[in-house]
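# Chain and residue survey
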Amino acid sequence: MEKIGVIGLGYVGLPLAVEFGKILEVVGFDINQTRIEELQKAYDRTLEVDTDEFAKAPKLTFTANHNDLRSVNYFIVTVPTPIDEYKTPDLTPLIKASETVGKVLKRGDIVIYESTVYPGCTEEDCVPVLEKISGLKFNVDFFCGYSPERINPGDKQHRLPTIKKVTSGSTPQIAERVDQLYKKIIKAGTHKASSIKVAEAAKVIENSQRDINIAFVNELSLIFEKMGIDTHEVLEAASTKWNFLPYKPGLVGGHCIGVDPYYLTYKADSLGYHPQVILAGRRINDNMGVHIANRVIKLMTQNDLPVNQAKVLVLGITFKENCPDIRNSRAIDVIRELQSFGANVEVFDPHADSEEVKHEYDLDLVKELNKKYSAIVLAVSHAEFATLNWNEIKNKSTIVYDVKGFLDISLITARL
């Protein structure tokens with residue numbers, strides 16, 4: 001009988017565990033005891049799973065005890081794969097998850113990884129850990145698969161069952177078993193890749209491609225700014241052609257687009273090839289926060305507004321709109337640069353968890369807006385920001401900079 005263990009219950013793991021839990025026995029495992037207790041009460045702080053969805057998965061249980069995984073024969077690893085301060089892949093969560101699985105791995109079990117990695121990581125980095133801890137032999141006693149996650153946090157339209165799933169396995173037979181397993185829950189169908197490396201590569205280039213496209217538009221915005229041309233008006237005009245890709249300029253963060261390209265370039269470097277286009281795109285996108293802050297400071301100076309100790313409001317700290325996820329948010333780059341000029345920066349975000357923001361960025365979110373500011377930066381286009389009472393937070397001299405092209409043009413001083 002198929003019994004699944006999902007290791008890591010974040011934005012990716014929880015929706016997966018719930019979907020499988022509707023039809024199969026599932027053990028959801030996470031090392032965060034608080035997270036487990038919340039999930040046992042049908043509360044998901046990531047807002048990816050609604051409370052009533054838990055009731056639809058009666059075969060799903062949650063635990064922080066790895067011994068509860070001993071009865072599992074399919075392990076699905078969905079832990080984060082971040083980068084460190086040097087833009088180098090940090091495989092620590094992946095290795096620790098592999099150690100956890102290795103402790104309970106049995107003959108005949110299949111370990112499937114969903115975390116975004118560079119091509120070769122599953123077999124070169126994870127499998128040796130599984131072998132060492134379990135004492136079992138790969139492709140003899142146990143097997144592996146890779147099926148990259150495609151969750152889009154905060155997106156209520158493109159959900160797990162409606163997104164086509166890439167699958168793979170360490171042998172042709174295992175690839176078929178992995179594919180059939182996912183077909184039980186993926187209504188959009190699956191694509192069985194020829195190897196684990198192909199599936200790993202497919203995932204990492206998805207976000208790298210998007211990153212490069214956004215970098216191109218960001219570079220256009222830098223050029224058009226010098227020309228005195230509104231980038232959004234240019235894009236609107238260009239989009240009238242059927243095959244123009246409608247990307248917009250902005251901050252590029254989050255757990256995927258701002259991270260995954262570094263996994264690919266890291267692997268390329270190790271093989272003696274030094275990527276140019278990918279890293280050029282990354283440099284442009286990584287520098288956008290500083291550019292935005294400097295533009296705001298310049299506008300303040302041009303309008304005779306003192307910068308030192310000026311009250312500046314940043315709207316949004318999550319990495320994308322209408323989502324509580326603050327991981328790798330590049331809004332922090334804008335905030336830090338403004339602070340470096342001596343500005344007194346306040347941050348308002350109705351979606352972000354104040355404790356997480358304090359822990360991650362050492363910032364205290366303001367709970368309400370009841371004062372006027374010298375400058376306001378809209379960094380994230382949360383729906384709530386469209387209905388703000390602007391008369392309460394700005395006056396005629398306030399600089400309003402719209403990073404997202406979200407606000408009515410009559411409200412703003414400038415936009416990216």
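Report follows, based on the coordinates. (Residues numbered from 1 in each chain as written. Predicted model: local features only at pLDDT ≥ 70, side-chain atom pairs only at ≥ 80, totals over all residues. Heavy atoms only, no water.)

### Comments concerning the environment of Ile 83
Operational definition: For helices the rule is a DSSP run of H or I covering at least 4 residues; for strands it is a run of E covering at least 2, with both sets numbered from the N terminus onward. In what follows, residue pairs with any heavy atoms lying within 4.5 Å of each other are defined as contacts.
Within the secondary structure layout, Ile 83 lies in the loop between β4 (74-77) and α4 (92-104). Residue contacts for Ile 83: discarding those within four places in its chain leaves Thr 88, Pro 89, Asp 90, Gly 258, Val 259, Tyr 262 and Tyr 263.

### Some thoughts on the nonpolar core
The following threshold applies: Nonpolar core, defined: a set of buried Ala, Val, Leu, Ile, Met, Phe, Trp, Tyr and Cys residues in which side-chain atoms within 4.5 Å join the residues together. For every residue, the accessible area obtained with a 1.4 Å probe (protein chains only) is divided by the maximum for its type, and the residue is called buried under 20%, exposed over 50%, and partly exposed between those limits.
Of all hydrophobic cores here, the largest spans 39 residues; its most connected members are Met 300, Ile 317 and Leu 338. For this core, the secondary-structure elements that each account for two or more residues are α11 (288-302), β9 (311-315), α12 (331-340), β10 (344-348), α13 (354-361), β11 (375-378) and β12 (399-402). For this core, the element with the most residues is α11, which contributes 7 residues. Filtering out sequence-adjacent residues up to four positions away, Met 300 remains in contact with Leu 305, Pro 306, Val 307, Ala 310, Ser 374, Ala 375 and Ile 399. Residues Leu 69, Ala 97, Ala 199 and Tyr 263 belong to the second largest nonpolar core, which totals 34 residues.

### Points about the pairing of strand β6 (residues 143-146)
Definition in use: Look down the strands so they point away from you; if the path from the first strand over the helix to the second goes clockwise, the crossover is right-handed.
Along β6, one buried face is formed by Phe 143 and Gly 145 and the opposite face, lined by Cys 144 and Tyr 146, is buried too. Of the crossover connections in this fold, the one passing from strand β5 (residues 110-113) over helix α5 (residues 121-134) to the parallel β6 is right-handed.

### Quick notes on α12
Of all 10 residues making up α12, 7 are buried, and the element is well covered by its neighbours. Among all positions in α12, only Ala 331, Ile 332, Asp 333, Val 334, Ile 335, Glu 337 and Leu 338 are buried. Contact partners of the buried residues in α12: α10 (277-286), α11, β9, β10, α13 and β11. Following α12 by one or two positions, Gly 342 adopts a phi angle in the positive range, close to 95°.

### Structural notes on the sheet that holds β12
What counts here: Here, strands pair whenever DSSP counts at least two bridges between them. What counts as an axis is a line fitted to C-alpha atoms, over the stretch in contact for a helix, and the angles between N-to-C directions run from 0 to 180 degrees.
Ordered in space as β10-β9-β11-β12-β13, the 5 strands form an open sheet in which the pairing is parallel. Here the strands that pair on one side only, and so sit at the sheet edges, are β10 and β13 (414-415). Relative to β10, β9 is paired through 5 bridges, and the arrangement is parallel. By the bridge assignment for β10, Val 314 is matched with Val 347. Sheet strands touched by α12: β9, β10 and β11. Its angle to β10, the strand with the most contacts, is close to 160°.

### Looking at α10
Operational definition: Each direction from the helix axis to a C-beta atom contributes to the arc, which is the arc of those directions.
Taken together, the buried positions of α10 are Ile 278, Gly 281, Arg 282, Ile 284 and Asn 285. Along the axis of α10, the buried positions cluster into a sector of 165°, meaning they face one direction only. The elements touched by buried residues of α10 are α7 (196-227), α9 (260-270) and α11.

### Here's the deal with the side chain of Ser 221
Note the following rule: Two N or O atoms form a polar contact when they lie within 3.5 Å of each other; inside protein one atom must be a possible hydrogen donor and the other a possible acceptor, and for residues adjacent in sequence the pair counts only when both atoms belong to side chains.
Among the structural elements, Ser 221 can be located in helix α7. Classification of Ser 221 as buried rests on a relative accessible area of 3%. From its side chain, Ser 221 meets the backbone oxygen of Asn 218 in a polar contact 2.6 Å long. Beyond its immediate sequence surroundings of up to four residues, Ser 221 is in contact with Thr 231, Pro 249, Met 288 and Leu 416.

### Considerations on the packing of aromatic side chains
To describe a pair of aromatic rings, one takes the distance between the centres and the angle between the planes. Which entries qualify depends on this criterion: Any Phe, Tyr or Trp ring, taking Trp's six-membered ring, that has another such ring centre within 6.5 Å forms a pair; planes under 30 degrees apart are called stacked, those over 60 apart edge-to-face, and the others tilted. For a Lys NZ or an Arg CZ to count as sitting over a ring, it must be within 6 Å of the ring centre and within 35 degrees of the ring normal.
Summed over the entire model, instances satisfying the criterion amount to 6 aromatic pairs. Considering the side-chain rings of Phe 54 and Phe 62, the 6.2 Å spacing of their centres and the 65° angle between planes classify their relative orientation as edge-to-face. Given a relative accessible area of 11%, Phe 54 falls into the buried group. Note on Phe 62: relative accessible area 13%, which makes it buried. By the ring-pair criterion, three or more aromatic residues cluster together here, those being Tyr 118, Tyr 263 and Tyr 266. Over the ring of Trp 242 we find Lys 241, and its NZ or CZ is 5.4 Å from the ring centre.

### Some remarks on the side chain of Glu 149
Checked against the element boundaries, Glu 149 lands in the loop between β6 and β7 (165-167). Leaving out residues up to four positions away in the same chain, Glu 149 has contacts with Val 12, Glu 114, Thr 116, Lys 165, Lys 203, His 255 and Cys 256.

### A look at the sheet that holds β5
Taken in spatial order, the 6 strands make up an open sheet running β3-β2-β1-β4-β5-β6, and their pairing is parallel. Each of the sheet's edge strands pairs with one partner strand only, and the pair in question is β3 (60-63) and β6. Averaged over neighbouring strand pairs, the angle between their axes works out to 20° when direction is ignored. Pairing analysis gives 4 bridges linking β5 to β6, with the strands arranged parallel. In the sheet register, Val 111 faces β6, and the bridge partner there is Cys 144. Across the face of the sheet, α4 comes into contact with β1 (3-7), β2 (25-29), β4 and β5 while running at roughly 170° to β4.

### With respect to the pattern of salt bridges
Definition in use: Here, a salt bridge means any Lys or Arg side-chain nitrogen found within 4 Å of an Asp or Glu carboxyl oxygen.
Counted according to the given criterion, the structure contains 29 salt bridges. Ionic pairing is found between Asp 286 and Lys 87, a salt bridge with its closest N-O pair at 3.8 Å. With Asp 286 in helix α10 and Lys 87 in the loop between β4 and α4, the pair connects residues that are 199 residues apart, well separated along the chain. When the shortest N-O distance is used, the salt bridge between Asp 286 and Arg 282 registers 2.7 Å. Taken as a pair, Asp 286 and Arg 282 lie in helix α10 at a separation of 4 residues, close to a single helical turn. The class of Asp 286 is partly exposed, set by a relative accessible area of 22%. Residue Arg 282 is classed as buried on the basis of its relative accessible area, which comes to 1%. Connected through shared salt-bridge partners, Glu 19, Lys 22, Glu 53 and Lys 56 make up one network.

Bear in mind that shape data such as this cannot, by itself, settle questions of function.
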